[in-house]
Amino acid sequence: PVKPIDRFVANFDAMLERYRAQDASTPLRVVIVGGGAGGAEIALSLHHRLEEERTSRGHHQLPPAEITLVCRGQLLTGHASYARRALIGIMKQKGIKIVEHCTVVRVDKGMLTVEAPRSGTHSQNGGSTQGKGEGHQLQQQLLQGNNNTVPFDVCMLCTQASAAPWLKLTGLPTDPQGFLAINECLQSEGGPPEVFAAGDVASCAKHPRPKAGVFAVRQGPPLSANLRRFLSGEPLEPFVPQSTWLSLITTGDKYCVGTKGWIGLQGAWLWSLKDYIDRAFMRKYGEDLPDMMK
C-alpha cells in the first residue's frame, strides 16, 4: 500500500534496487491498483523515475519498465472529463497501460486475481475488450486460463478511502459505506448531540463529496466554531462545502493537468503552482512547532 508513507518509501527504494539489478532482457513489471488521482500520479511518477534511472545507466543496459494501472471502474471517475482525456493521452504517450472495469479480488506474492471485465468494457490502449490491438491483448493476459490472474514484480495499492471497521463498533450512526453519518453542522446525524466529526471519517448525506483533502481541510474552521457554539449553548451553523474545486494532477515530469469546474488546462506552469501550494500547506505543519523529541 502507498500508505503509511514510511513503508512506501522503503518499498520504493527496494524497487529501485531491483530495477538496477534487472536483466537487460527482462522488463520490470509494475502494477498499480487504483484509478483515482493518486493512482494516476503514482503511475506517471514511477514511469518518470524509472526512465531517469534507465537514462543514467544507459538505455541498452535496462529495459523499459512495464507499468499497468488497474481500475475497478473508469480512470478518474468523478473528475472532469478534460482531466480524464488529457491523462489518458499522456499515459498512452508514455506507454503506460490502463485497464478499466477490472476488479482486483486478491493480491498474492507476484500475482493479482481479478474479476473478469464486463462484456464491452474498454481498455485505454487499443479499444474494446472484444476488439483487437494492445488493449485486447492486455485483457487476454489478465484473463489467461481460468484463473483470471496477472503477474507482477512490484504491486502498489492506491485505492479509494475506506471506513475503519471500528467506526461501526461505536454504535454511532454510519452511512452505507461505514463512515460516520453527520448533518450540515458536522454533528452526528441521529446520534449523541455532543459527537461531531469532519474529514474522511465522516459523510454528510445532504452534501456528498469525494474523500479528498481539499474538502477535509475546509471543515476545520466550521467544526471549531460549532464546537464552541455547542458548549456555549448557541445555535449551530450549517456548513456547505464548495461545489467546484481546483484539481492538480502531476505527470511526474514537472508537468501538470489542472481542472476547476468546466475549465481544463495543462502545462509546466501548473506544476509550479501545485508545488507552491503543496509546500505552503506542508510548511504549516513543519514550522514554528516544538521539537517533539524533547
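Preceding this section is the structure that the text describes.
In what follows, the accompanying structure is described. Numbers given to residues run from 1 along each chain, matching the order in which its sequence is written. In view of the model being predicted, local features appear only for residues whose pLDDT reaches at least 70, and side-chain atom pairs are presented and counted only at 80 or more, with totals across whole chains, interfaces and linings using the full set of residues. The side-chain figures draw on all heavy atoms in the structure; neither hydrogens nor water molecules are used.

1. Structural notes on the pairing of strand β13 (residues 256-260)
- Buried residues dominate β13, accounting for four of its five residues.
- Relative to β13, strand β12 (residues 247-250) runs antiparallel, the two sharing four bridges. Each residue of the ladder has a partner; that of Leu248, found in β13, is Gly258.
- The pairing of β13 with strand β14 (residues 263-267) spans five bridges and is antiparallel. What sits directly across from Lys260, in β14, is Ile263.
- Strands qualify as paired when DSSP identifies two bridges or more between them. For the purposes of this entry, the term helix denotes a DSSP run of H or I that reaches at least four residues, the term strand denotes a run of E that reaches at least two, and both are numbered from the N terminus. Where β13 folds back on β14, the antiparallel hairpin that results is connected by two residues, among which Gly261 adopts a positive phi of roughly 65 degrees. Relative accessible area decides the class of each residue, using a 1.4 Å probe on protein chains only: under 20% of the type maximum gives buried, over 50% gives exposed, and in between gives partly exposed.

2. Let's talk about the sheet that holds strand β8 (residues 149-151)
- The strand order across the open sheet formed by three strands is β4-β5-β8, and the pairing between neighbours is antiparallel. The sheet is open, and its two edges are formed by β4 (104-108) and β8, each paired on a single side. Between one strand and the next, the sheet's axes are offset by a mean angle of 20 degrees, whatever the strand orientation.
- Relative to strand β5 (residues 111-114), β4 is paired through four bridges, and the arrangement is antiparallel. Residue pairing for β5: Val104 is matched across the bridge by Val114. To obtain an axis, a line is fitted to C-alpha atoms, over the contacting stretch when the element is a helix, and the angle between two such axes runs from 0 to 180 degrees between their N-to-C directions.

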